[in-house]
Amino acid sequence: MKIFSASKIREADETTISRQGITTGELMERAGTEVFLWLKKRFPDKETVFHVFCGKGNNGGDGLVVARLLHNDNYKVVVDIVEGTGNPSEDFTANFEKLEQNNLACNTNEAYEYKKHKIIFLDAIFGIGLNREVGAEAKEAIQRINNSAVKIISIDVPSGMFMDRKSDIAVHSDMVLTFQFTKLAFYLAGNCNFIKEIKILDIGLDKDFIANEPTQFFLTDRTEAHQRYRPVPAHAHKGTQGHALIIGGSYGKIGAVTLSSKAALKSGCGLVTAYIPKCGYTIVQTAFPEAMVLTGGEEHINTIAFDIEPKAIGIGMGLGQQPETQQAVLEFLKHQKTPMVIDADALNILSYNNEWLNMLPENTILTPHPKELERLMGSWEDDFEKMEKIRAFAKEHKIILVAKDAFTIVACNDRVHINSTGNAGLATGGSGDVLTGIITGLLAQSYSPADAAIFGVYLHGLAADIGVCETSKQAFTASDIINYLGAAYLKIEAEKAQK
Ligand SMILES: NC(=O)C1=CN([C@@H]2O[C@H](COP(=O)(O)OP(=O)(O)OC[C@H]3O[C@@H](n4cnc5c(N)ncnc54)[C@H](OP(=O)(O)O)[C@@H]3O)[C@@H](O)[C@H]2O)[C@@H](O)CC1
Ligand SMILES: [K+]
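Numbering of residues starts from 1 in every chain and runs along the sequence as written. Going through the entries in the order they are written, you letter the chains from A and number the ligands from 1. The predicted origin of the model limits local features to residues at a pLDDT of at least 70 and limits the giving and counting of side-chain atom pairs to 80 or more, whereas totals for whole chains, interfaces and linings rest on all residues. Heavy atoms throughout the structure, all of them, feed into the side-chain values; hydrogens and water do not.

The name recorded for the protein in an unreviewed UniProt entry is Bifunctional NAD(P)H-hydrate repair enzyme, from Flavobacterium arundinis. UniProt, in the comment section headed Subunit (unreviewed entry), describes the protein in these words: "Homotetramer." UniProt positions are given in the numbering used here, feature names are shortened, and annotations may be inferred rather than shown by experiment.

Next up, the structure:
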């Protein structure tokens, strides 16, 4: 799914108004109606109290439409107009007047007499139009909302959240009902406390505009993942499903390479060879009998040489950074032409030898976690700068960068893809090793590097989303990601079949 900037969303808005021959007020009525219908379905109990906090712009206007529709549908509605939210917009004023005509008064300071669990706060103070720091009055309203113990639903965006820069204060939403497009700011690490759940409401913006307007940002949602997924061909055999080579491990870190190798095979490739130091030989052969094993070095890898022809290579997991290992990795990378995923210690070795980055084959995939990312490309001021640096770094070195985070980012071909699956259960040792294994396994199955990275990250997160429902987040381990890969594939197959 495309992610547009606030100014592009305004363009979509204007194009829709002109092509569909409607007014801005009619579009606002449509947007408010979608919110109303969603709320009505989710909260059918007419005793529910909706306390709507409105700013004076169009986000506040949306809030007023919702308030009126709820009121006319016999819900209990309380409306507060928040001061210090700019000059009233035309459509805000029109809807404010309609509210009076419908006998719904604002700012009545009405005390709730209702049971607490039936109160819902609707946040319509600011939307995508926030363009300066929030002033004292609006801040107070935001704090009041946040300090409440009730369910908070934001219209379009959590009020106070900037679309293009770091936000210091914003509503902490349980649910954001956002119009037509998801927003980039929702996925940034610094904003993760502001949103628990996102629901995109279709408000019928112009389809041609959405299809044709270019953007650099995409959300890897279900549709996007389905497009990249390649089912196993009916005539497949282990020779056609690709051979993955996983290089890594050192004394005490053989688990990393074992996890990675298992994940590669479970992602669907035909054969897996693990290239490890001799100290891991019995461990890998015993823990993972499906793998073939090659060795180089005793307790750490000191040479990388083999006579097999893998279709993809994953390197770095548990490798260590002994000088001999570093030398072996650099020598190895110098001659590589095979599609490759570089992770962990192999990435660190590359960061100390930055000039090597340009020698990597085009579209080599790098999978750093935040610390490794910083070592590779330097630090960043905020999430927006980080995103921009990632995009530019991938472009400059003609590589694919998989920046692991709560919402993992894949930068390739001057585009940024934000993953939508995964959860805090993935914050566990070895989950990165598993991801590298999955992506290598997909590469071996002839996925393009971009598809392997984007779909691999999605699949990894989906396995965790399915898994934690049975294991809990606390008890979820990297091995569970591998165990639930099958369920993730089955879910994707079932969703595709439903279409
Ligand atoms: N496009 C769509 O798909 C549709 C969009 N719709 C809705 O419109 C929303 C965008 O509305 P919006 O442009 O009126 O801006 P909004 O966020 O309400 O802010 C209000 C105004 O406040 C001001 N202001 C800014 N910062 C401030 C501050 N710190 N402190 C005080 N004031 C501040 C600033 O005005 P200024 O003072 O700069 O003139 C700004 O314009 C969008 O999120 C969605 O809900 C739907 O109705 C229809 C379909
Ligand atoms: K809002």
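What follows concerns the coordination of the potassium ion (ligand 2). Coordination sphere of the potassium ion (ligand 2), protein contribution only: Asn59 (OD1), Asp123 (O), Phe126 (O), Ile155 (O), Val157 (O) and Ser159 (OG), at 2.6 to 3.0 Å. Between the 6 donor atoms coordinating the potassium ion (ligand 2), the angles at the centre fall across 67 to 178°, so the site counts as irregular. Sequence positions of the donors to the potassium ion (ligand 2) reduce to the motif N-x63-D-x2-F-x28-I-x1-V-x1-S. Within this pair, whereas Phe126 is found in the loop between strand S4 (119-124) and helix H5 (136-147), its partner Val157 is found in the loop between strand S5 (151-155) and strand S6 (175-179), the two being separated by 31 residues in sequence. Exposure class is identical for Phe126 and Val157. Each is buried. Sodium, potassium and calcium take a 3.2 Å donor cutoff, other metals 2.8 Å, and in both cases only N, O and S atoms count; water is not among them, so sites may look incomplete. Every angle between 85 and 135 degrees makes a four-donor site tetrahedral, while opposite donors more than 155 degrees apart, with all other angles between 65 and 115, make a four-donor site square planar and a six-donor site octahedral; other sites are irregular. Each helix corresponds to a stretch of at least 4 residues labelled H or I by DSSP, and each strand to a stretch of at least 2 residues labelled E; elements are numbered beginning at the N terminus. Exposed residues in this analysis have more than 50% of their type's maximum accessible area, buried residues have under 20%, and partly exposed residues fall in between, with area computed by a 1.4 Å probe over protein chains only.

With that out of the way, let us pick up the UniProt feature "binding site: AMP" (unreviewed entry) in the protein. The feature "binding site: AMP" (unreviewed entry), as given by UniProt, occupies Lys404, Asp405, Ala406, Phe407, Thr408 and Gly432 in the numbering adopted here. On the basis of their most widely separated C-alpha atoms, the annotated residues across 29 residues gather in one place, lying no more than 13.6 Å apart. Mapping Ala406 onto the fold places it in the loop between strand S15 (400-403) and strand S16 (409-412). Tracing the chain through its elements places Phe407 in the loop between S15 and S16. Beyond its immediate chain neighbours, meaning those up to four positions away, Phe407 contacts Phe186, Tyr187, Ile418 and Asn419. Whether two residues touch is decided by their heavy atoms; if any such pair falls within 4.5 Å, the residues are in contact.

Put simply, helix H12 (residues 370-377) and helix H13 (residues 383-397) touch, their axes get as near as 12 Å, and they point 60° apart. Considering the angle they form, H12 stands oblique to H13. The hand of the H12/H13 crossing is left-handed. Taken together, the residues of H13 that come into contact with H12 (itself represented by Leu373, Leu376 and Met377) are Lys386, Lys389, Ile390 and Phe393. A breakdown of the residues in the contact of H12 with H13 according to their chemical character gives 5 nonpolar, no polar and 2 charged. To obtain an axis, a line is fitted to C-alpha atoms, over the contacting stretch when the element is a helix, and the angle between two such axes runs from 0 to 180 degrees between their N-to-C directions. An angle below 35 degrees is read as roughly parallel, one above 145 as roughly antiparallel, one from 65 to 115 as roughly perpendicular, and any other as oblique. If you view the pair so one helix is near and one far, a crossing is left-handed when the near helix is turned anticlockwise from the far one by less than a right angle, and right-handed when it is turned clockwise. Residues are grouped as follows: nonpolar covers Ala, Val, Leu, Ile, Met, Phe, Trp, Tyr, Cys and Pro; charged covers Asp, Glu, Lys and Arg; every other residue, Gly included, is treated as polar.

We call a residue near a molecule or strand whenever a single non-hydrogen atom of that residue lies within 4 Å of it. In the vicinity of ligand 1 lie 25 residues, with Asp13, Asp62, Gly127, Arg132 and Asp156 positioned nearest. Each polar contact in these results corresponds to two N or O atoms within 3.5 Å; when the atoms are within protein, one needs to be able to donate a hydrogen and the other to accept it, and residues that are neighboring in sequence are counted only if both atoms are side-chain atoms. The backbone of Ile128 places a nitrogen or oxygen atom 2.9 Å from an oxygen atom of ligand 1. Side-chain polar atom of Asn131 to an oxygen atom of ligand 1: 3.0 Å apart, as the coordinates give it. Every accessible area reported is derived by Shrake-Rupley at a probe size of 1.4 Å, with residue values counting cover from the shown protein chains alone. Calculation on ligand 1 without its partners gives an accessible area of 910 Å², and the protein chains cover 85% of this total. Broken down by secondary-structure element, the contributors of at least two residues to the shell around ligand 1 are helix H1 (6-20), helix H2 (24-42) and helix H3 (58-72). Residue classes in the shell around ligand 1 are distributed as 10 nonpolar, 9 polar and 6 charged.

In this section: the sheet that holds S4. The pairing criterion for strands is at least two bridges between them, as found by DSSP. Pairing is parallel across the open sheet formed by 6 strands, whose spatial order is S3-S2-S4-S5-S6-S7. Whereas interior strands pair on both sides, the edge strands pair on one side only; in this sheet they are strand S3 (76-81) and strand S7 (198-201). Here the average twist between neighbouring strands, direction ignored, is 20°.

Among the 9 residues that make up helix H11 (residues 344-352), 8 are buried, leaving the element largely enclosed by the rest of the structure. For H11, the full list of buried residues reads Ala344, Asp345, Ala346, Leu347, Asn348, Ile349, Leu350 and Ser351. In the core, the buried residues of H11 are packed alongside strand S12 (312-315), helix H10 (323-334), strand S13 (340-342), strand S14 (365-366) and H12.

Now for the domain arrangement of the protein. The source of the domain bounds is an automatic or database domain assignment. In terms of domains, the protein is made up of domain 1 (2-215) and domain 2 (225-498). The C-alpha centroid of domain 2 is placed 40 Å from the C-alpha centroid of domain 1. Where domain 1 abuts domain 2, roughly 900 Å² becomes buried across the two surfaces, and 78% of that area is made up of carbon and sulfur atoms. Counted as salt bridges are all cases of a side-chain nitrogen of Lys or Arg within 4 Å of a carboxyl oxygen of Asp or Glu. Along the contact surface separating domain 1 from domain 2 lie 0 salt bridges. At the junction of domain 1 and domain 2, the tally comes to 2 residue pairs in polar contact (both at pLDDT 80 or more). Of the residues in the side of domain 1 that touches domain 2, the class split is 9 nonpolar, 2 polar and 3 charged. Defined here as a combined quantity, buried area equals the accessible surface (1.4 Å probe) lost by two parts on assembly, summed across both.

Another point: the nonpolar core. Nonpolar cores were defined as sets of buried Ala, Val, Leu, Ile, Met, Phe, Trp, Tyr and Cys residues, with membership established by side-chain atoms within 4.5 Å. Counting residues in hydrophobic clusters, the biggest one holds 99 residues, and the most contacted among them are Leu39, Val79, Ile342 and Leu401. Looking at this core, the element that brings in the most residues is H2, giving 7 residues. The residues that make up this core include at least three from each of domain 1 (2-215) and domain 2 (225-498). Apart from the residues lying within four places of it in its own chain, the contact partners of Leu401 are Leu366, Pro368, Leu373, Leu376, Ile390, Phe393, Ala394, Ile409, Val410 and Ala411. One finds Val284, Ala312, Phe455 and Leu459 within the second-largest nonpolar core, a separate group that totals 57 residues.

When glycine is set aside, most residues are seen to have a negative phi, and most peptide bonds are trans. The backbone phi angle of Asn103 is positive, close to 55°, even though this residue is not glycine. In this structure, Asn103 sits in the loop between helix H4 (90-101) and S4. Under the relative-accessibility criterion, Asn103 is labelled exposed at 66%.

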